[in-house]
Amino acid sequence: MRVKKQKRHRKSVRFYTACFGFRQPFKVLCDGTFVHHLVSHAIKPADNALSNILSAPVKLFTTKCVIAELKGLGTSYSESLQAAHLLAPARCDHENSTSADACIMDIIGQNNSEHFFVASQDVDLRKSLQEIPGVPVIYGLRKALFLEPPSSFQREFVKNSEEKRMHMTELEYKMLRKRKNRPADEETNDSSYENDDSEDDNNGMGIVTKPKTARKGIDVKDKVQFKRKRAKGPNPLSCKKKKSQDKPNLVPVREKTDGENSIRSRSGQRKRTRKAKKKDGLV
C-alpha cells in the first residue's frame with residue numbers, strides 16, 4: 001500500500017514539474033488548519049514529512065493573515081500559533097488582516113506564478129484550488145499526509161495549451177504570408193529593371209542574358225542538402241597485406257664440420273640397410 005502511494009505521489013509531482021515548471025526545493029504554503037493538524041497529531045519535523053511525500057526538499061511558508069486568524073482562536077491553538085511563527089512568511093499585501101482562505105487565494109492568483117504547493121484541511125478551499133491550473137494540494141489524514149492527484153480541469157487545461165502551441169496563431173500566419181510574398185514581388189521588380197538595363201548594354205555586343213527567377217533571388221533552399229561523406233582512403237581491412245621481403249638472417253649460421261657430416265651419413269646408411277633386410281626377410 002505504501003509503495004502504491006509513493007508511486008502515485010511521484011506521478012503527480014512529475015506532472016506539475018513537467019507541465020507547470022515546478023522546481024526544487026518545493027515551496028509549501030500552509031494554512032492554520034494544516035498547522036494545527038501537524039501539531040495535534042505530533043507530525044514532527046514537518047518539513048521531513050512533506051519532503052518524504054514529494055521526494056524532494058521543501059520550504060514551508062505561511063502568511064500574516066493565517067497567524068492573525070490563529071491568534072483569534074484562543075489559547076487552545078497556542079501551540080499551533082507558535083509553530084506557525086517558525087514558518088517563513090510569504091508576501092501578503094493585505095494591510096488589514098483578512099480570512100486565511102481569501103489571503104491564500106489572493107497569493108495564488110489565476111495561475112500560481114510563485115509555484116506554491118498549498119497544504120490545507122479545509123475541503124472548500126481545496127475544491128476551489130483545484131479549479132485553478134497548476135495548484136497542487138496537500139492534506140493530512142491522521143498521521144499520514146497525501147498529495148491530491150491533478151484534477152480533470154487541470155489535465156484539460158494542459159491538453160488545450162499543448163494543442164495551442166502546435167498550431168499557428170492568426171498574427172503569426174499573417175506575418176508569415178507577408179514575409180513569403182514580399183521578397184517575390186521585390187525580386188520580380190528588380191529582375192525586370194535589371195533585364196532592361198542588360199538588354200540596352202548588350203544590344204551592340206549580341207549577348208543574351210537569362211533573367212533571374214524569383215526562386216534564385218530568395219535565399220531559401222528547396223531541399224535540405226546533406227554533406228556526402230567521402231572516403232578518405234582505402235579500408236585497411238579490405239586490402240591485402242604487403243608481402244614481406246626476404247630479410248637477411250642476422251643470426252650467424254654455424255658451419256658444419258666434417259666430423260658431423262660423416263656421423264650423419266653413417267646413421268643414414270645403417271637405417272637404409274635395416275629397411276632393406278626387413279624387406280628381404282633376413283631380419
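Counting restarts for each chain, with residues numbered from 1 along the sequence as it is written. Residues qualify for local features only when their pLDDT is at least 70, as the model is predicted, and side-chain atom pairs are given and counted only at 80 or more; totals for whole chains, interfaces and linings, by contrast, use all residues. Note that the side-chain values use all heavy atoms of the structure and ignore hydrogens as well as water.

Draft legend 1. Representation of a positive patch on the surface. A contiguous patch of positive charge, built from Lys 4, Lys 7, Arg 10, Lys 11, Arg 14 and Arg 155, is present on the exposed surface. Runs of E in the DSSP output that reach at least two residues are strands. Runs of H or I that reach at least four are helices, and both are numbered from the N terminus. You can see Lys 7 is positioned in helix α1 (residues 2-20). Only residues whose relative accessible area exceeds 30% and that form no salt bridge enter a patch; like-charged residues are grouped when within 9 Å of one another, and nonpolar side chains (Val, Leu, Ile, Met, Phe, Trp, Tyr) when within 5 Å. With residues, only the protein chains shown are counted as cover, and all accessible areas are computed by Shrake-Rupley using a 1.4 Å probe. What counts as a salt bridge is simple: a side-chain nitrogen of Lys or Arg found within 4 Å of a carboxyl oxygen of Asp or Glu. His is not counted here, nor are the chain ends, while Lys and Arg score as positive and Asp and Glu score as negative. For charged residues, the charge sits on one atom: NZ in Lys, CZ in Arg, CG in Asp, CD in Glu.

Draft legend 2. Main features of the packing of aromatic side chains. Each Phe, Tyr or Trp ring (for Trp, its six-membered ring) is paired with any other whose centre lies within 6.5 Å, and the angle between the two planes then decides the class: stacked below 30 degrees, edge-to-face above 60, tilted in between. For the coordinates displayed, the defined rule picks out 9 aromatic pairs. Here Phe 15 and Tyr 16 contribute two aromatic rings whose centre-to-centre distance is 5.4 Å and whose plane-to-plane angle is 80°, an arrangement assigned as edge-to-face. Taken together, the aromatic side chains of Phe 15, Tyr 16, Phe 20, Phe 22, Phe 26, Phe 117 and Phe 157 make up a single cluster linked through ring pairs. One Lys or Arg, Lys 5, reaches over the ring of Phe 146 and ends 4.6 Å from the middle of that ring. By definition, being over a ring means that NZ of Lys or CZ of Arg is both within 6 Å of the ring centre and within 35 degrees of the ring normal. Over the aromatic face of Phe 15 sits the side chain of Arg 155, whose NZ or CZ is 5.2 Å from the ring centroid.

Draft legend 3. Structural view of the pairing of strand β5 (residues 137-141). Strand pairing is assigned whenever DSSP identifies at least 2 bridges connecting the two strands. Pairing of strand β4 (residues 116-119) with β5 involves 2 bridges; the strand directions are parallel. Each bridged residue has a counterpart across the sheet, and for Ala 119 the counterpart in β5 is Ile 138. In the sheet, β5 pairs with strand β6 (residues 144-147) via 4 bridges, with the strands oriented antiparallel. Residue pairing for β6: Tyr 139 is matched across the bridge by Phe 146.

Draft legend 4. The arrangement of the pairing of β4 in detail. Residue burial is assigned from relative accessible area. The probe radius is 1.4 Å, only protein chains are included, and a residue is buried under 20% of its type maximum, exposed over 50%, and partly exposed in between. Of the two faces of β4, both are covered, the one formed by Phe 116 and Val 118 as well as the one formed by Phe 117 and Ala 119. Strand direction decides the pairing type here: strand β1 (residues 26-30) and β4, joined by 4 bridges, are parallel. Each bridged residue has a counterpart across the sheet, and for Lys 27 the counterpart in β4 is Phe 116. By convention a crossover is right-handed if, when the strands point away from the viewer, the path from the first strand over the helix to the second runs clockwise. Considered for its hand, the β-α-β crossover made up of β4, helix α7 (residues 123-129) and β5 is right-handed.

Draft legend 5. Region of the structure containing the pattern of salt bridges. Applying the stated criterion across every chain, the model contains 2 salt bridges. One salt bridge connects Glu 114 with Lys 27, and the closest N-O pair in it is separated by 3.3 Å. With Glu 114 in the loop between α6 (100-108) and β4 and Lys 27 in strand β1, this residue pair connects regions lying 87 residues apart in the sequence. Judged by its relative accessible area of 39%, Glu 114 is partly exposed. Among the salt bridges present, the one from Arg 126 reaches Glu 148, with a minimum N-O distance of 3.1 Å. Here Glu 148 lies in the loop between β6 and α8 (152-166) and Arg 126 lies in helix α7, a separation of 22 residues in the sequence. With relative accessibility at 14%, the residue Arg 126 sits in the buried group. Classification of Glu 148 as buried rests on a relative accessible area of 12%.

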